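# Per-entry structural report
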Amino acid sequence: MTVESSSEAAVSSRIAGILLAPLRWAMGLIDLPMSWVQRRLGTGGVVAAMLAPNMLIFGVFVLFPMFLNVLYSFTGGGALFLESRVFVGTEQYETLLDCRTYLDPASCREDRFWRAAGNTAFFVIVQVVLLVLVSLITALVLNREMRARGFWRAVFFFPVLLSPVVVALIWKWILQRNGLLNAALAQVGVEPVLWLVDRNWAMFWAIFLSIWAHLGFYTLILLAGLQAIPADLYEAAEMDGTPRSRVLARITLPLLWPSLVVVILLALIRAVQVFDEVFVLTGGGPGSATLFLVQYIYETGLAQQVRNLGLASAASILMALVLVVLTLIQLSATAWRERREKR
Amino acid sequence: MSIGSFLTRRRGGASWHFTDVLAWIWLVSGLILMFGPVIWLGLSSFKTRAALSEFPPTLLPYETRMVEVEGHDEPLPLYRVTTEDGEERLMVQVRRIGTMAQMADPEHPEETVRVPLQAREPVRELQLATENYTEPFERLNFLRFFYNSVFVTVVATIITLIVNSMAAFALSKYEFKGRAAVLAVILATLMVPLSVIIIPLFSVINGLNLFNSLWGVVLPTVATPTGVFLLRQYMLTIPDELLEAARMDNASEWKIYWRIVLPLAMPAIAVLAIFSVMWRWNDFLWPLIVLSDRELYTIQVGLNSFQGELNVQWQYVLAMTVVSMLPVVVIFAFLQRFITTGIASTGIK
Amino acid sequence: MSHLELKNVSKSFGRVDVLHDIDLEVMDREFVVFVGPSGCGKSTLLRIIAGLEKVTSGEVVLDGKVVNNVAAADRGLAMVFQSYALYPHMSVRQNLSFGLENTSTPRAEIDARVGEIARMLRIEELLHRTPRQLSGGQRQRVAIGRAMVRRPGIFLLDEPLSNLDAELRVTMRAELAALHKRLEATMIYVTHDQTEAMTLADRIVVLRDGRVEQIGTPLDLYNRPANRFVAGFIGAPHMNFLEGRFVVGEGNSAEVELDGGHRLTLPISVRPAGEPVMVGIRPHHIGLDAVGAGIPAAVTLVEALGPETIVHAEAAGHRIIAALAGQRRIAVGETISLFFDPQHLHAFDSEGRRLPEGA
Ligand SMILES: Nc1ncnc2c1ncn2[C@@H]1O[C@H](COP(=O)(O)OP(=O)(O)OP(=O)(O)O)[C@@H](O)[C@H]1O
Ligand SMILES: [Mg+2]
């Protein structure tokens, strides 16, 4: 996207010009104090005034809470506001990490945390592998010469836009006891299964659902990566009579690798935060079979009768650490890809 | 031949290759798996409560035809009955007793006959239960949810666009002390999603008296680092000479922002606007935390509360799910290309 | 009245010094051209005058007032940018009127002025188009029009013709010259094309590496370049340079022996024998010596242009270009005898400075 290439910009801005007459008027009004600032304080004053709203909101609702989070994790008690909470040192972390054996959540003081962590780890690994694999295959299929590619892309993409609640409800309805799936299975003589009451099936559907909902997004990124591979490389390979499996292994995948790295990392970061769809689908159950970290934090800190803000904060900090590491890797991978693309 | 070969084939050959077959299988099963559930949702949402509990379910919303019969207050269901002599007759069911049903001719309801259940077949007709759509609006406060969602989405998007574009302008077109620091902070917070700061954010919202208010839902989401980044990246491509020309033309810095930079950044602003609408319309966790009053629920939270009830009224839940999808579907239908290129070129969602 | 003076202007970007102690005075209604190779600081100097860039030291004086801290908009100047910088989302009319709107000029007045300028520049039919729908030359006119609408004291033009094709450039050059006469405005014009500079300028400022090499009228610069750089930069094809040493000659004119052994008499006063010297001669001041007593040169390339013939030749280890009037029968490989017009010989010392002419 560059300014020059956007020929619709002029047209759309003209339409906007008519529709947004009140906005124009308001902007003109703001010009008065802004010009005054510019005369009195120079351009720097205007720049500061333009940055201020964003910085203010950002500071209050993002930066300050981040900072608070650390403080909360060292306090205990039931009070909501920091000034009336008691300092407990690292007690919350100790509670979270107190286990006789780390392999068995039941042996931990805060067993739900460990179950959530274990579930999340399992979910992350399986979901990311499958998600990336399915997205990759879909992207490769969509990258073939085909009619109506836009339609097919839309088929795989549209669930990305659906809300998690909608996604969960669509599938919950299908997975019901007398839902579509059981009806279809009955046709081939299989007894109805209570999909969301069985521990293993619940986890299976949690993973399935999140792949169904997000695969289009990753497919799109990979497809863009594939289409950036120059066609003449394939033509050259065809001229040489290279077998297709070799073309995939030696041309397509290596050139796609940078996009793939980005996709894997993005998928990892998202998977760690899994919550909405699964929460609506299973509520974390049965038992704690599909309880994940965000839900643990939410329930421990905000949704229980006795709120345990300190414990929840400590758990958030631990989760944030994982995310920060993943994001740092992702940012350096993006930088690496950009450098590679420049060359 | 391996699976790899079919995946790499880009140029169609003259004849069908087996990889073409595999690709088509993938596409068609994709079509069924991706579209099927949504279509099933749409079809189901027009079924009555009774039809929804049928097993196995019918594909289309069929309903047993009901007939008004003299001597009965309620309409009675109509059946096709095969009599013992092999004749077929249309009869209404007056009542059911065990494995037998008491049936009558609709013309002469007073003469009843007993018919075994397996000897009769309901007369079904296509019927859309549109009341699934109207009743939640009339009786279940759904209009309120809808309004709340629209309010949150529109207000948050407008604030997001204004506030983020101003910041992006300042960060892309001016050199000033601390710019690198501001950029670094924004970049750093890109990696901290809302979900890990819900606890302290909850207390901040409470401290500001925004708990249980729609503004409490809106404000924490509007200063998106993603938005600032997206817009800044785009504004960097606007040539500085244009700004200088405007400066020579006596334009104030503010005027340069809204008369020159803002119109030229329209493509990026539009992308952010679409994303913002989608984000806010679909938001679930944060509204769930902030809103405790049913009156203030957004659609997503409202839907969740419907489906969490002990006795789920699926006929309403399904219909309202369809309604809540509509804005997104409309946006997608009109702006598909725009959204997909936006995602492919920015990598945000 | 628009009188501009630069006093000791220097400019650095961080640690990079771009301009060094520039002194310059531009008179009312004068057409001054800045020339110099790419990266020498022409644009920077122009932008300092415009107020888009702040000086590191020195003063910019406009009509007797120091304007170092006056914002660009308030200096009453107008600028035409190299890329034109037309607002892509506005129509031509809006482009022209934007500046006037910003100064709260009454609508009627704006329309009148825009109409007048559009007529003058013959862009009336284009007023409703956006810049994208214009050709290069049309965009050029709109950019100039946008500057003219504001009736500035001084026009600043940064390589306004560099994006046009050769033919259009010649036409627009003539139009610009006519416009300057008609508007009676002061113009400061940046280019790295010396032909443009020669044809348009009242005075030329030659810049190199952020320093003024020479300021003068086009013919001054052509006839009496202050140094080797200016001599080589002004005039096409470039001046030929030949190395030599002064020798003891007769009379009071200086005599030089070129590296090939040939002797020339220069129109300057006598210099000590043995001093190295660079002799310059423009291609148009070289002729053929009918009797063969000139400098022998082997022809390497002949370019017959019609009205004149450009001959590339090699003489005494130097490559020489001669522009001979008319059409000549000269073949590559032939040896010709070159005659240097002694009136038009230039001499530069070892530092490249022009040696003073003899009394
Ligand atoms: N904003 C800046 N920051 C750092 N260096 C700069 C900046 N602007 C210009 N320069 C440097 O200053 C020097 C002069 O630049 P300027 O643009 O004035 O050259 P110019 O003579 O106009 O060249 P051209 O003919 O190519 O337009 C160049 O070496 C350039 O790299
Ligand atoms: Mg320049």
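This write-up is about the structure you can find in this document. Here the residue numbers are simple positions, counted from 1 along each chain's written sequence. Each chain gets a letter, beginning with A, and each ligand a number, beginning with 1, in the order they are written. Per-residue local features of the predicted model are confined to residues with pLDDT of at least 70, and side-chain atom pairs are confined, for both listing and counting, to 80 or more; whole-chain, interface and lining totals are unaffected and use all residues. In computing side-chain properties, one takes all heavy atoms of the structure into account and sets aside hydrogens as well as water.

### Some points on the overall build of chain B
Put simply, the rule reads: In this text, helices come from DSSP runs of H or I with a minimum length of four residues, and strands from runs of E with a minimum of two, each type numbered from the N-terminal end. Contacts between residues were defined by any pair of non-hydrogen atoms, one from each residue, lying within 4.5 Å. Computed with the Shrake-Rupley method and a 1.4 Å probe, the accessible areas treat only the protein chains shown as cover for residues. For the charge count, each Lys or Arg is scored as positive and each Asp or Glu as negative, with His and the chain ends excluded. Note on charges: their place is set at NZ of Lys, CZ of Arg, CG of Asp or CD of Glu.
Counting its regular elements, chain B contains 15 helices and eight strands. Expressed as lengths along the three principal axes of its C-alpha atoms, the size of chain B is roughly 100 × 65 × 40 Å. Taking the intrachain contacts of chain B between residues at least 6 apart in sequence as the baseline, contacts between residues at least 24 apart amount to 62%. Total accessible area on chain B is roughly 15,200 Å²; 60% of this is exposed by carbon and sulfur atoms. Averaged over its 26 positive side-chain charges, chain B has a centre that lies 15 Å from the centre of its 30 negative ones.

### Some words on the sheet that holds strand β7 (residues 154–158) of chain C
Residue and element names in this part refer to chain C. This is how the line gets drawn: At least two DSSP bridges between two strands are required for those strands to pair. To define axes, lines are fitted to C-alpha atoms, for helices over the stretch in contact only, and angles between the resulting N-to-C directions are given on a 0 to 180 degree scale.
Strands sit in the order β6-β7-β8-β3-β9-β10 across an open sheet of six strands; the sheet is mixed. Of all the strands in the sheet, just β6 (77–80) and β10 (211–216) have a single pairing partner and so form its edges. On average, each strand axis in the sheet is tilted by 15° relative to the strand beside it, whichever way the strands run. Where strand β9 (residues 203–208) lies against β10, five bridges are found, and the strand directions are antiparallel.

### Remarks on the pairing of β9(C)
Residues and elements named next belong to chain C. As judged from the four bridges shared by strand β3 (residues 31–35) and β9, these two strands associate in the parallel manner. Bridge pairing in β9 places Val 32 opposite Arg 203. The antiparallel pairing of β9 with β10 creates a hairpin that spans two residues between the two strands, and Asp 209 there sits at a positive phi of about 50°.

### A few points about the site of ligand 1
Residues and elements named next belong to chain C. The condition is simple: The nearness test applies per residue and asks whether one of its heavy atoms lies within 4 Å of the molecule or strand. N or O atoms closer than or at 3.5 Å make up a polar contact, with two conditions inside protein: a donor-capable atom paired with an acceptor-capable one, and, for residues adjacent in sequence, both atoms drawn from side chains. Note on residue classes: Ala, Val, Leu, Ile, Met, Phe, Trp, Tyr, Cys and Pro are nonpolar, Asp, Glu, Lys and Arg are charged, and everything else, Gly too, is polar.
Close to ligand 1 lie Phe 13, Val 18, Ser 38, Gly 39, Cys 40, Gly 41, Lys 42, Ser 43, Thr 44, Glu 159 and His 192. Between ligand 1 and the protein, one listed contact pairs an oxygen atom with a side-chain N or O atom of Ser 38 at 2.5 Å. Protein burial of ligand 1: of its 630 Å² of free accessible surface, 58% is covered by the chains. Ranked by residues supplied to the shell around ligand 1, first place goes to helix α1 (residues 42–50) with three residues. Here the shell around ligand 1 is built from residues that sort into three nonpolar, six polar and two charged.

### Some remarks on empty space enclosed by the protein
Heads up, the rule is: The way it works is a 1 Å grid over only the protein atoms, where trapped points that fit a 1.4 Å probe form a cavity and open points with protein on both sides within 12 Å along at least five of seven lines form a pocket, and then any residue with an atom within 4 Å of a point lines it. Grid points are joined across faces, edges and corners, and a volume is the space filled by probe spheres set on the points.
For the structure shown, the criterion picks out six cavities of 30 Å³ or more. Roughly 60 Å³ of internal volume is contained in the largest cavity. As for the largest cavity, its lining consists of B:Ala245, B:Met248, B:Asp249, C:Ala78, C:Met79, C:Phe81, C:Arg146, C:Ala147 and C:Arg150. Listing elements by their share of the lining of the largest cavity, those giving two or more residues are α10 (240–248) of chain B together with β6 and α4 (136–149) of chain C. For the lining of the largest cavity, the class distribution of residues is six nonpolar, no polar and three charged. Of the pockets and cavities examined, the second largest cavity occupies roughly 50 Å³.

### Brief notes about helix α3 (residues 107–121) of chain C
All names here are of chain C. Which entries qualify depends on this criterion: The length a helix should cover is 1.5 Å for every residue beyond the first. Type-normalised accessible area, obtained with a 1.4 Å probe on protein chains alone, sets the label of each residue: buried when under 20%, exposed when over 50%, and partly exposed for intermediate values. Taking the helix axis as origin, the arc is that swept by the directions to the C-beta atoms.
Here α3 is 15 residues long and its end C-alpha atoms lie 21 Å apart, about the 21 Å a rise of 1.5 Å per residue gives. Every buried residue of α3 is accounted for by Ile 110, Arg 113, Val 114, Ile 117, Ala 118, Met 120 and Leu 121. Along the axis of α3, the buried positions cluster into a sector of 160°, meaning they face one direction only. Against α2 (92–102), α4 and α5 (166–183) lie the buried residues of α3. Positive backbone phi, approximately 55°, marks Arg 122, located one or two places after α3.

### Side note on a nonpolar patch on the surface
The following threshold applies: Patches were defined on residues exceeding 30% relative accessible area and lacking a salt bridge, with like-charge contacts within 9 Å and nonpolar side-chain contacts (Val, Leu, Ile, Met, Phe, Trp, Tyr) within 5 Å. Here a salt bridge means any side-chain nitrogen of Lys or Arg lying within 4 Å of a carboxyl oxygen belonging to Asp or Glu.
Taken together, the side chains of A:Ile15, A:Leu19, A:Leu20, A:Leu23, B:Val150, B:Val154, B:Ile158 and B:Ile162 define a hydrophobic patch exposed on the protein surface, amounting to about 650 Å² of accessible area. With four residues, the single largest contributor to the nonpolar patch is helix α5 (residues 142–173) of chain B. On the secondary structure map, A:Ile15 appears in helix α1 (residues 8–19). For A:Ile15, a relative accessible area of 48% gives the class partly exposed.

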